[in-house]
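Listed below, chain by chain, are the residues.
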Amino acid sequence: MQTKDKCLAALVILCWGLNFIAIKWGLEGIPPLLLGALRFIGVVFPAILLVPRPAMPWRWLLAYGGAISLGQFAFLFSAMKFGMPAGMASLVLQSQVVFTLLFAMIWLGERWQPHHWVALPLAGLGLYLIATHGEGNLTLLGFVLTLCAAACWGLGNVINRQIGLRYQTTLPSLIAWGGLVPILPFFALSWLFEGPALITSSLLNFSWQGLLCVLYLSYVAT
């Protein structure tokens, strides 16, 4: 691997790590479901003006966007609002690997290799230790919601695999157009669970910190 490639890989790691700090800062002034809606407005515009829509039926875009975008980030942002520390969130979210293996076995008929039967129980034990001996401010609700986010990510991986087998598309176009899916559901969920008064107050008192966090989540982390 060339030095340039190593630096790019390190940059990706840095951007993804800072993503969780940006979420925490954003949640200081924006409720989680509204933050999700604002994030994906940034993801979609102006991207869909620059990349063509993937050549696939809308049902696959709905499935991909519903799992990867709406499900994952609705649960993750809510988890971090309700007691999941940023560092623990970044770690527990990687349990998406476990869920991906499970969903791939169920829906794609993929067979586990011998090392999977060793690794998965160890991963489960690690998650149990995190849940019971994690940071002092980690809450059970935050932990469970993060697992739900990881499950949505794993489901999205399987859907993405199915899309790749059936259609010729590029990942940027899939991300951009799939980002259309969660915007209205995020606003509807925010209206239902967070209330119009909190939405109005958050938008009227939108801070530079909130704006920078939304821009980071939309254009850097994504």
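Residues numbered from 1 in each chain as written. Predicted model: local features only at pLDDT ≥ 70, side-chain atom pairs only at ≥ 80, totals over all residues. Heavy atoms only, no water.

## Focus on the overall build of the protein
We apply this condition: Put simply, DSSP H or I for four residues or longer makes a helix, DSSP E for two residues or longer makes a strand, and each gets a number counted from the N terminus. For a compact globule the rule gives 2.2 Å times the number of residues to the power 0.38, and the radius of gyration it is set against comes from C-alpha atoms. Burial here depends on accessible area, computed with a 1.4 Å probe over protein chains only, as a share of the maximum for the residue type. Under 20% is buried, over 50% is exposed, and the range in between is partly exposed. Note on contacts: a residue pair qualifies if any of its non-hydrogen atoms lie within 4.5 Å across the two residues. Calculation of accessible area relied on Shrake-Rupley with a 1.4 Å probe; when residues are assessed, cover is drawn exclusively from the protein chains displayed.
Scanning the protein for helices and strands turns up 12 helices and zero strands. Reading the secondary structure of the protein in the N-to-C direction produces α-α-α-α-α-α-α-α-α-α-α-α. For 222 residues, the compact-globule estimate of 2.2 N^0.38 gives 17 Å, and the C-alpha radius of gyration of the protein, at 18 Å, lies within 12% of that figure. Seen through its principal axes, the protein has C-alpha atoms that stretch 55 × 45 × 45 Å. Sorting the 222 residues of the protein into buried and exposed places 45% on the buried side. Here the contacts in the protein between residues at least 6 apart in sequence split such that 87% fall between residues at least 24 apart. Surface exposure of the protein reaches about 12,000 Å², of which carbon and sulfur atoms provide 72%.

## Re the layout of surface pockets
Convention followed: Detection works on a 1 Å grid of protein atoms alone, calling trapped sets that fit a 1.4 Å probe cavities and calling open sets with protein on both sides within 12 Å along at least five of seven lines pockets, with lining residues defined by an atom within 4 Å of a point. Grid points are joined across faces, edges and corners, and a volume is the space filled by probe spheres set on the points. Residues were grouped as follows: Ala, Val, Leu, Ile, Met, Phe, Trp, Tyr, Cys and Pro as nonpolar; Asp, Glu, Lys and Arg as charged; and all remaining residues, including Gly, as polar.
The volume enclosed by the largest pocket comes to roughly 480 Å³. Looking at which element gives the most residues to the lining of the largest pocket, the answer is helix 4 (residues 58–81), with five residues. Looking at the lining of the largest pocket residue by residue, the classes come out as 12 nonpolar, eight polar and one charged. Space inside the second largest pocket adds up to approximately 200 Å³. Lining the second largest pocket are 15 residues, with Leu33, Ala74, Ser78, Phe82 and Phe193 sitting closest to its centre.

## Quick look at the nonpolar core
To be explicit about the condition: To define a nonpolar core, start from buried Ala, Val, Leu, Ile, Met, Phe, Trp, Tyr and Cys residues and group those joined through side-chain atoms within 4.5 Å.
Formed by 52 residues in total, the largest nonpolar core has its most connected members in Leu76, Met80, Met84, Ile163 and Phe186. Ile163 has contacts with Met56, Trp60, Tyr64, Thr169 and Leu174, leaving out every residue within four places of it along the chain.

## With respect to a nonpolar patch on the surface
Rule in force here: Like charges are joined within 9 Å and nonpolar side chains (Val, Leu, Ile, Met, Phe, Trp, Tyr) within 5 Å, but only among residues with over 30% relative accessible area and no salt bridge; these make up the patches. We define a salt bridge as a contact between a side-chain nitrogen of Lys or Arg and a carboxyl oxygen of Asp or Glu at a distance within 4 Å.
Taken together, the side chains of Leu203, Phe206, Trp208, Leu211, Leu212, Leu215, Tyr219 and Val220 present a nonpolar region at the surface, about 790 Å² in accessible area. Here the element with the most residues in the nonpolar patch is helix 12 (residues 208–221); it accounts for six residues.

## Quick word on the packing of aromatic side chains
To keep it simple, the criterion reads: Stacked, edge-to-face and tilted are the three classes for Phe, Tyr and Trp ring pairs, Trp counted by its six-membered ring, which pair at centre distances within 6.5 Å; planes under 30 degrees apart are stacked, over 60 edge-to-face, the rest tilted. Lysine and arginine charges are scored as sitting over a ring when NZ or CZ, respectively, is within 6 Å of the ring centre and within 35 degrees of the ring normal.
If you walk through the whole model with that rule in mind, you get seven aromatic pairs. Judged by centre distance (6.2 Å) and plane angle (65°), the rings of Trp16 and Trp153 are edge-to-face. Here Trp153 lies in helix 8 (residues 140–166) and Trp16 lies in helix 1 (residues 3–27), a separation of 137 residues in the sequence. Classification of Trp16 by relative accessible area gives partly exposed; the value is 27%. Looking at Trp153, the relative accessible area reads 17%, which means it is buried. An aromatic cluster is defined as three or more aromatic residues linked by ring pairs; in this entry it consists of Phe40, Phe73, Phe77 and Phe186. Looking at Arg39, its charged tip hangs above the ring of Phe40, at a distance of 5.7 Å from the centre. Directly above the aromatic system of Phe73 lies the positively charged group of Arg39, at a separation of 4.1 Å from the ring centroid.

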